[in-house]
Amino acid sequence: PKTFDDVLETSKIAMQQALIELWHTYPFTFKKVTRYQVLPAYESAIEAPMGTLTAVCLENGRVLEQVETFGDMDDSETPVYGTPECYRLVQNNTGDKIEFYPTPLEPVTIGISYDTACMARDKSGTERVNLSAQNDTININGAVQRELFENALILLTEVYLIQDSSDENYIPYFEAYQRALRLLIN
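Since the structure is predicted, the reported quantities are computational estimates derived from the model, not experimental observations.

Rules of the game
- Once a new chain begins, its residue numbering starts again from 1 and follows that chain's sequence as written.
- The predicted origin of the model limits local features to residues at a pLDDT of at least 70 and limits the giving and counting of side-chain atom pairs to 80 or more, whereas totals for whole chains, interfaces and linings rest on all residues.
- As a convention, hydrogens and water are excluded, and side-chain values are obtained from all of the structure's heavy atoms.
- Numbering goes from the N terminus for both helices and strands, where a helix is a DSSP run of H or I of at least four residues and a strand is a run of E of at least two.
- Note that the radius of gyration is over C-alpha atoms, with the globule rule given as 2.2 Å times the number of residues to the power 0.38.
- We call a residue buried when its accessible area falls under 20% of the maximum for its residue type, exposed when it is over 50%, and partly exposed in between, using a 1.4 Å probe and counting protein chains only.
- When DSSP finds at least two bridges between two strands, those strands are taken to pair.
- Salt bridges are identified by distance alone: a Lys or Arg side-chain nitrogen within 4 Å of an Asp or Glu carboxyl oxygen.
- Residue types Ala, Val, Leu, Ile, Met, Phe, Trp, Tyr and Cys, when buried and joined through side-chain atoms within 4.5 Å, form a set referred to as a nonpolar core.
- What a helix should span is 1.5 Å times the count of its residues minus one.
- The contact definition used throughout considers only heavy atoms, calling two residues in contact when any of these lie within 4.5 Å.

(A) Molecular detail of the overall build of the protein chain. Looking only at helices and strands, one finds 3 helices and 10 strands in the protein chain. Reading the secondary structure of the protein chain in the N-to-C direction produces α-β-β-β-β-β-β-β-β-β-β-α-α. What you see for the protein chain is a C-alpha radius of gyration of 21 Å, clearly larger than the 16 Å of a compact globule of 186 residues, by over 25%. Residue burial in the protein chain is summarised as follows: out of 186 residues, 34% are buried.

What follows is the structure, encoded as C-alpha coordinates:
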(Lines give C-alpha, C1' and ligand atoms only; values in the text may rest on other atoms or scores of the structure.)
Protein backbone atom coordinates (compact mmCIF):
# COMPACT_ATOMS: atom_id res chain seq x y z
CA PRO A 1 0.00 0.00 0.00
CA LYS A 2 1.19 3.49 -0.81
CA THR A 3 -0.71 5.20 2.01
CA PHE A 4 -2.12 4.18 5.37
CA ASP A 5 -5.65 4.47 3.95
CA ASP A 6 -4.74 1.84 1.33
CA VAL A 7 -4.02 -0.81 3.99
CA LEU A 8 -6.81 -3.37 4.03
CA GLU A 9 -9.17 -3.09 7.00
CA THR A 10 -8.66 -6.82 7.67
CA SER A 11 -4.92 -6.17 8.10
CA LYS A 12 -5.58 -3.30 10.52
CA ILE A 13 -7.98 -5.43 12.55
CA ALA A 14 -5.57 -8.39 12.59
CA MET A 15 -2.78 -6.13 13.86
CA GLN A 16 -4.98 -4.68 16.61
CA GLN A 17 -6.03 -8.18 17.70
CA ALA A 18 -2.41 -9.29 17.70
CA LEU A 19 -1.37 -6.19 19.65
CA ILE A 20 -3.97 -6.85 22.35
CA GLU A 21 -2.95 -10.50 22.67
CA LEU A 22 0.79 -9.82 22.70
CA TRP A 23 0.53 -6.89 25.14
CA HIS A 24 -1.37 -9.03 27.65
CA THR A 25 0.63 -12.25 27.16
CA TYR A 26 3.29 -11.52 29.75
CA PRO A 27 3.96 -8.99 32.55
CA PHE A 28 6.52 -7.07 30.48
CA THR A 29 8.56 -4.47 32.37
CA PHE A 30 7.80 -1.78 29.77
CA LYS A 31 4.13 -1.84 30.83
CA LYS A 32 4.99 -0.83 34.41
CA VAL A 33 4.31 2.84 35.15
CA THR A 34 4.58 4.89 38.33
CA ARG A 35 3.15 8.37 38.34
CA TYR A 36 2.78 10.91 41.13
CA GLN A 37 -0.23 13.09 41.53
CA VAL A 38 -1.38 15.62 44.10
CA LEU A 39 -4.61 14.80 45.91
CA PRO A 40 -5.92 18.30 46.75
CA ALA A 41 -7.02 19.24 50.26
CA TYR A 42 -10.65 18.28 50.99
CA GLU A 43 -10.75 16.04 47.89
CA SER A 44 -11.15 12.30 48.39
CA ALA A 45 -10.68 10.89 44.87
CA ILE A 46 -8.50 11.03 41.78
CA GLU A 47 -8.93 9.50 38.34
CA ALA A 48 -7.75 5.89 38.11
CA PRO A 49 -5.13 5.09 35.46
CA MET A 50 -5.87 3.12 32.29
CA GLY A 51 -4.53 -0.25 33.34
CA THR A 52 -4.15 -2.63 36.25
CA LEU A 53 -3.39 -0.93 39.55
CA THR A 54 -0.50 -2.60 41.40
CA ALA A 55 0.22 -0.20 44.30
CA VAL A 56 -0.77 3.15 45.77
CA CYS A 57 1.52 4.94 48.20
CA LEU A 58 2.12 8.27 49.89
CA GLU A 59 5.14 10.40 48.96
CA ASN A 60 7.00 9.11 52.04
CA GLY A 61 6.81 5.59 50.55
CA ARG A 62 4.10 4.24 52.83
CA VAL A 63 1.98 1.80 50.81
CA LEU A 64 -1.76 2.23 51.26
CA GLU A 65 -4.01 -0.79 51.70
CA GLN A 66 -6.72 -1.43 49.15
CA VAL A 67 -10.12 -2.13 50.71
CA GLU A 68 -13.53 -2.97 49.30
CA THR A 69 -15.41 -0.57 51.61
CA PHE A 70 -14.54 2.01 54.21
CA GLY A 71 -16.69 0.11 56.71
CA ASP A 72 -18.86 2.25 58.98
CA MET A 73 -17.55 5.37 57.25
CA ASP A 74 -19.54 4.48 54.11
CA ASP A 75 -22.73 5.13 56.06
CA SER A 76 -21.51 8.32 57.73
CA GLU A 77 -22.59 11.64 56.26
CA THR A 78 -19.81 13.49 58.08
CA PRO A 79 -16.47 13.36 56.25
CA VAL A 80 -13.45 12.15 58.17
CA TYR A 81 -10.25 14.14 57.63
CA GLY A 82 -6.61 13.17 58.02
CA THR A 83 -3.76 11.51 56.15
CA PRO A 84 -5.08 8.80 53.80
CA GLU A 85 -4.64 5.30 55.24
CA CYS A 86 -6.41 3.21 52.60
CA TYR A 87 -8.11 3.43 49.23
CA ARG A 88 -10.71 1.69 47.13
CA LEU A 89 -11.48 1.57 43.43
CA VAL A 90 -14.81 3.03 42.41
CA GLN A 91 -16.03 2.10 38.96
CA ASN A 92 -18.98 3.79 37.31
CA ASN A 93 -20.15 5.26 34.01
CA THR A 94 -18.39 8.57 34.60
CA GLY A 95 -14.95 6.91 34.88
CA ASP A 96 -12.95 4.87 37.35
CA LYS A 97 -11.70 6.65 40.46
CA ILE A 98 -9.35 5.90 43.31
CA GLU A 99 -11.10 7.03 46.47
CA PHE A 100 -9.09 7.67 49.66
CA TYR A 101 -9.94 7.46 53.34
CA PRO A 102 -9.68 9.66 55.28
CA THR A 103 -9.91 12.82 53.16
CA PRO A 104 -6.76 14.98 53.49
CA LEU A 105 -6.86 18.42 55.10
CA GLU A 106 -3.77 19.43 53.10
CA PRO A 107 -2.62 18.45 49.60
CA VAL A 108 -0.99 15.00 49.55
CA THR A 109 1.26 13.56 46.85
CA ILE A 110 0.10 10.08 45.87
CA GLY A 111 2.24 7.55 43.97
CA ILE A 112 0.27 5.26 41.67
CA SER A 113 1.92 2.15 40.20
CA TYR A 114 0.14 0.23 37.47
CA ASP A 115 0.52 -1.87 34.35
CA THR A 116 -0.64 0.40 31.56
CA ALA A 117 -3.34 -0.69 29.15
CA CYS A 118 -2.30 2.08 26.73
CA MET A 119 -0.48 0.15 24.05
CA ALA A 120 0.13 3.08 21.68
CA ARG A 121 1.08 6.75 21.49
CA ASP A 122 0.05 9.31 18.94
CA LYS A 123 2.61 11.55 17.21
CA SER A 124 2.44 14.10 20.06
CA GLY A 125 3.24 11.39 22.63
CA THR A 126 -0.26 11.12 24.12
CA GLU A 127 -1.00 7.56 25.22
CA ARG A 128 -3.74 5.70 23.35
CA VAL A 129 -5.46 2.40 23.98
CA ASN A 130 -4.75 1.11 20.46
CA LEU A 131 -3.03 1.95 17.20
CA SER A 132 -5.44 3.91 15.03
CA ALA A 133 -3.56 6.50 12.96
CA GLN A 134 -0.64 6.30 10.57
CA ASN A 135 1.78 8.08 12.94
CA ASP A 136 0.85 6.10 16.06
CA THR A 137 3.66 4.11 17.66
CA ILE A 138 3.90 1.27 20.16
CA ASN A 139 4.05 2.61 23.75
CA ILE A 140 7.51 1.23 24.57
CA ASN A 141 10.42 3.56 25.35
CA GLY A 142 13.36 1.16 25.00
CA ALA A 143 14.46 0.80 21.37
CA VAL A 144 15.54 -2.85 21.72
CA GLN A 145 12.36 -3.90 23.51
CA ARG A 146 10.24 -1.99 21.00
CA GLU A 147 12.00 -3.66 18.05
CA LEU A 148 11.60 -7.14 19.58
CA PHE A 149 7.96 -6.40 20.37
CA GLU A 150 7.27 -5.09 16.85
CA ASN A 151 8.87 -8.19 15.31
CA ALA A 152 6.67 -10.48 17.41
CA LEU A 153 3.65 -8.29 16.61
CA ILE A 154 4.21 -8.52 12.85
CA LEU A 155 4.54 -12.31 13.01
CA LEU A 156 1.43 -12.71 15.17
CA THR A 157 -0.47 -10.41 12.79
CA GLU A 158 0.45 -12.76 9.94
CA VAL A 159 -0.84 -15.69 12.00
CA TYR A 160 -4.14 -13.84 12.49
CA LEU A 161 -4.35 -13.00 8.80
CA ILE A 162 -3.79 -16.61 7.73
CA GLN A 163 -6.16 -18.03 10.40
CA ASP A 164 -6.27 -21.48 8.79
CA SER A 165 -3.86 -23.81 10.59
CA SER A 166 -3.90 -26.16 7.59
CA ASP A 167 -2.45 -23.41 5.36
CA GLU A 168 1.19 -24.16 4.53
CA ASN A 169 2.30 -20.73 5.79
CA TYR A 170 0.50 -20.91 9.14
CA ILE A 171 2.93 -23.18 11.03
CA PRO A 172 6.12 -21.35 9.93
CA TYR A 173 4.67 -17.97 10.96
CA PHE A 174 3.34 -19.37 14.24
CA GLU A 175 6.70 -20.96 15.09
CA ALA A 176 8.53 -17.75 14.14
CA TYR A 177 6.14 -15.83 16.42
CA GLN A 178 6.86 -18.25 19.29
CA ARG A 179 10.64 -17.70 18.85
CA ALA A 180 10.14 -13.91 18.67
CA LEU A 181 8.02 -14.00 21.83
CA ARG A 182 10.71 -15.97 23.72
CA LEU A 183 13.32 -13.40 22.64
CA LEU A 184 11.09 -10.57 23.81
CA ILE A 185 10.41 -12.21 27.18
CA ASN A 186 14.11 -12.95 27.74
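Further notes follow.
(B) Representation of the sheet that holds strand 5 (residues 86–90) in the model. One open sheet holds the 4 strands; their spatial order is 2-6-5-4, and the pairing between them is mixed. The open sheet has two edge strands, strand 2 (45–47) and strand 4 (65–66), and neither has a second partner.

(C) Region of interest: the pattern of salt bridges. This structure, assessed with the given rule, holds 4 salt bridges. Among the ionic pairs, arginine 88 bridges to glutamate 99, the shortest N-O distance being 2.5 Å. Linking arginine 88 in strand 5 with glutamate 99 in strand 6 (residues 97–101), this pair joins segments that are 11 residues apart in sequence. With a relative accessible area of 16%, arginine 88 lands in the buried category. Each member of the salt-bridge network shares a partner with another, and the members are Asp122, Arg128 and Asp136.

(D) Quick look at the environment of arginine 182. Residue placement: arginine 182 occurs in helix 3 (residues 170–185). For arginine 182, a relative accessible area of 48% translates into the label partly exposed. Note: C-alpha distance between arginine 182 and leucine 148 (34 residues apart in sequence) is 9.8 Å.

(E) Region of interest: the sheet that holds strand 8 (residues 120–121). Taken together, 3 strands build an open sheet; the order of strands is 9-8-10 and the sheet is antiparallel. A single partner strand is all that each edge strand has here, and the edge strands are strand 9 (127–128) and strand 10 (137–138). Across 2 bridges, strand 8 lies against strand 9 in antiparallel orientation. Bridge pairing in strand 9 links arginine 121 to glutamate 127.

(F) Geometry of the nonpolar core. In this structure, Leu22, Ile138 and Phe149 are the most contacted members of the largest nonpolar core, which totals 24 residues. For this core, the elements supplying multiple residues, two or more each, are helix 1 (9–23), helix 2 (143–162) and helix 3. Examining the composition of this core, we find that 7 residues originate from one element, helix 2, more than from any other. Grouped together as the second largest cluster of nonpolar side chains are 14 residues, Leu39, Ile46, Ala48 and Leu53 included.

(G) Molecular detail of helix 1. Under the 1.5 Å per step criterion, the end-to-end length of helix 1 is 21 Å for 15 residues, consistent within 8% with the ideal 21 Å. Buried-residue contacts for helix 1 involve strand 7 (108–116), strand 10, helix 2 and helix 3.

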